[in-house]
Amino acid sequence: MGSIPKKSAKSHSEESSERSSNQKKNANYSRERLARIIFERLGKEYPGSASSLCALQHKNPFQLLVATILSAQCTDERVNQVTPLLFAEYPTPALLAKADPSRLEEIVRPTGFYRSKSGNLIAMAEAVTTNFKGKIPKQMDDLVSLPGVGRKTANVILSVAYNLPGLPVDTHVQRLTKRMGLTTETTPDKIEMDISPLLKPEELGAFSLRLILHGRKVCKARKPLCDICPLADICPSSGITVETAAEIKVGAKSSK
Ligand code: SF4
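Residues numbered from 1 in each chain as written. Predicted model: local features only at pLDDT ≥ 70, side-chain atom pairs only at ≥ 80, totals over all residues.

## Here we look at the overall build of the protein chain
Selection criterion: The helix count covers DSSP runs of H or I at least four residues long, the strand count covers runs of E at least two residues long, and both are numbered beginning at the N terminus. Residues with at least 20 neighbouring C-beta atoms inside 10 Å of their own are called buried, those with 12 or fewer are called exposed, and the rest are partly exposed, where every C-beta is derived from the backbone. Two residues form a contact once the distance between their C-beta atoms, set from the backbone, is within 7 Å.
Each helix and strand in the protein chain was counted, giving 13 helices and zero strands. Along the protein chain, helices (α) and strands (β) appear in the sequence α-α-α-α-α-α-α-α-α-α-α-α-α when read from the amino end. Within the protein chain, buried positions represent 38% of all 256 residues. Pairs at least 24 residues apart make up 64% of the contacts formed inside the protein chain by residues separated by at least 6 positions.

Structure representation (structure tokens):
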């Protein structure tokens with residue numbers, strides 16, 4: 001990163017003019033083309049598959065599901081500090097289903113919301129044991145039937161654990177796809193449906209992970225680092241500040 005030279009300080013009118021110029025460039029691309037460019041450029045910054053880009057430490061789909069449930073409102077680093085002990089004490093869904101709630105709460109407490117997370121983990125493990133013979137299912141409908149599992153978590157399991165198509169939409173993916181002009185949708189489920197057809201099914205998991213990593217490192221919520229962003233020349237939001245973010249209009253031409 002950092003191959004794009006730093007910009008000099010600009011007046012508000014210069015920033016507005018530049019954004020308008022970027023929106024025009026952006027409008028020359030179909031949404032598919034724009035998604036392809038973003039996928040490939042971010043691939044140079046964050047290379048690898050969804051599985052290799054996932055920061056949650058795990059050795060099987062069960063461990064990934066547990067870690068993903070714990071990652072809600074918590075950093076991956078904090079989750080990774082907690083899971084070794086948890087996996088050592090409860091290595092299978094059957095053992096987790098029989099966990100003593102107070103002991104499990106004690107272990108997961110550092111991840112926050114520990115009572116509800118502990119309850120969801122036990123209920124999820126019971127459902128996996130009872131309904132799926134102890135195996136984490138590979139179908140979206142089956143995954144979202146598990147307590148504590150929504151489409152985002154299910155898509156993590158599909159794309160990272162099973163190398164199947166899946167676009168997890170978290171807060172970073174929501175923010176970046178809007179800023180980049182890829183969608184005007186505002187809810188995770190609608191964003192997933194809107195973005196998924198733009199890329200090959202097998203690319204969706206890596207696309208989500210690349211957006212998440214870019215959102216953490218460069219396209220930050222409160223202060224996007226557009227000066228060092230490899231997408232600055234095509235992004236309609238390049239140069240935004242938090243104050244002007246609400247003014248940005250989506251510039252991509254709809255290809256629907
Ligand atoms: S950092 Fe700036 S240029 Fe890069 S994607 Fe975010 S808003 Fe666009």
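## Things to note about helix H11 (residues 171-179)
The criterion, for reference: This arc is built from the directions going out from the helix axis to the C-beta atoms.
Those residues of H11 that sit buried are His172, Val173, Leu176, Thr177 and Arg179. Considered in projection along H11, the buried side chains sweep an arc of 160 degrees and stay on one side of the axis. On its buried side, H11 packs onto helix H12 (188-195) and helix H13 (204-217). The first or second residue beyond H11 is glycine 181, which carries a positive phi of 80 degrees.

## Details of the site of the ligand
Defined as follows: Placing a C-beta atom from the backbone of each residue, we mark the residue near a molecule or strand if the atom is within 6 Å of it. Each residue gets one label: Ala, Val, Leu, Ile, Met, Phe, Trp, Tyr, Cys and Pro are nonpolar, Asp, Glu, Lys and Arg are charged, and the others, such as Gly, are polar.
Within the structure, the ligand sits among 14 residues, and Cys219, Pro224, Cys226, Cys229 and Cys235 are positioned closest to it. For the shell around the ligand, the residue count by class is eleven nonpolar, two polar and one charged.

## Details of the confidence of the model for the protein chain
Put simply, the rule is: A score between 0 and 100, pLDDT records how confident the predictor is in each residue.
On average, residues of the protein chain carry a pLDDT of 89, and 84% of them reach 70 or more. This stretch, residues 1-9, has a pLDDT under 50; its non-local contacts, to residues over four places away or in other chains, come to nine contacts.

## Here we look at the nonpolar core
This is how it is decided: By convention in this section, buried Ala, Val, Leu, Ile, Met, Phe, Trp, Tyr and Cys residues joined through C-beta atoms within 7 Å make up a nonpolar core. Residue ranges for the domains trace back to a domain assignment, done automatically or taken from a database.
Within the largest apolar cluster, 57 residues are counted, with the highest numbers of intra-cluster contacts made by Leu65, Val66, Leu121, Met124, Ile157 and Val160. At seven residues, helix H4 (residues 61-70) tops the list of elements feeding residues into this core. Two domains each donate at least three residues to this core, and these are domain 1 (12-49 + 170-247) and domain 2 (61-161). Setting aside residues no more than four positions away along its own chain, valine 66 makes contact with Thr83, Leu86 and Leu121.

## Let's talk about the packing of H4 against helix H10 (residues 151-161)
For any two helices packed against each other, the geometry is given by the interaxial angle and the distance between the axes. Put simply, the test is: Note on method: axes are straight lines fitted to C-alpha atoms, helices fitted across the in-contact stretch only, with angles between N-to-C directions ranging 0 to 180 degrees. Here is the rule for handedness: rotate from the far helix to the near one, and if that takes an anticlockwise turn smaller than a right angle the crossing is left-handed, while a clockwise turn gives right-handed.
Relative to each other, H4 and H10 sit at 145 degrees, their axes nearing to 10 Å. The interaxial crossing formed by H4 with H10 has right-handed handedness. Residues Pro61, Leu64, Leu65, Thr68 and Ile69 of H4 touch H10, and the partners they reach there are Thr153, Val156, Ile157, Val160 and Ala161. Class assignment for the residues of the contact of H4 with H10 results in eight nonpolar, two polar and no charged.

## Considerations on the environment of leucine 34
Within the element layout of this structure, leucine 34 appears in helix H2 (residues 31-45). Between the C-alpha atoms of leucine 34 and methionine 180, which are 146 residues apart in sequence, the distance is 8.7 Å.

## Section: unusual backbone geometry
With phi around 60 degrees, glutamine 73 is a residue other than glycine that occupies positive phi space. By secondary structure assignment, the location of glutamine 73 is in the loop between H4 and helix H5 (76-89). For glutamine 73, a count of 9 C-beta atoms within 10 Å puts it in the exposed group. Positive phi, close to 50 degrees, is recorded for lysine 133, a residue that is not glycine. In this structure, lysine 133 sits in the loop between helix H8 (114-131) and helix H9 (140-143). Exposure remark for lysine 133: the 9 C-beta atoms within 10 Å place this residue in the exposed category.

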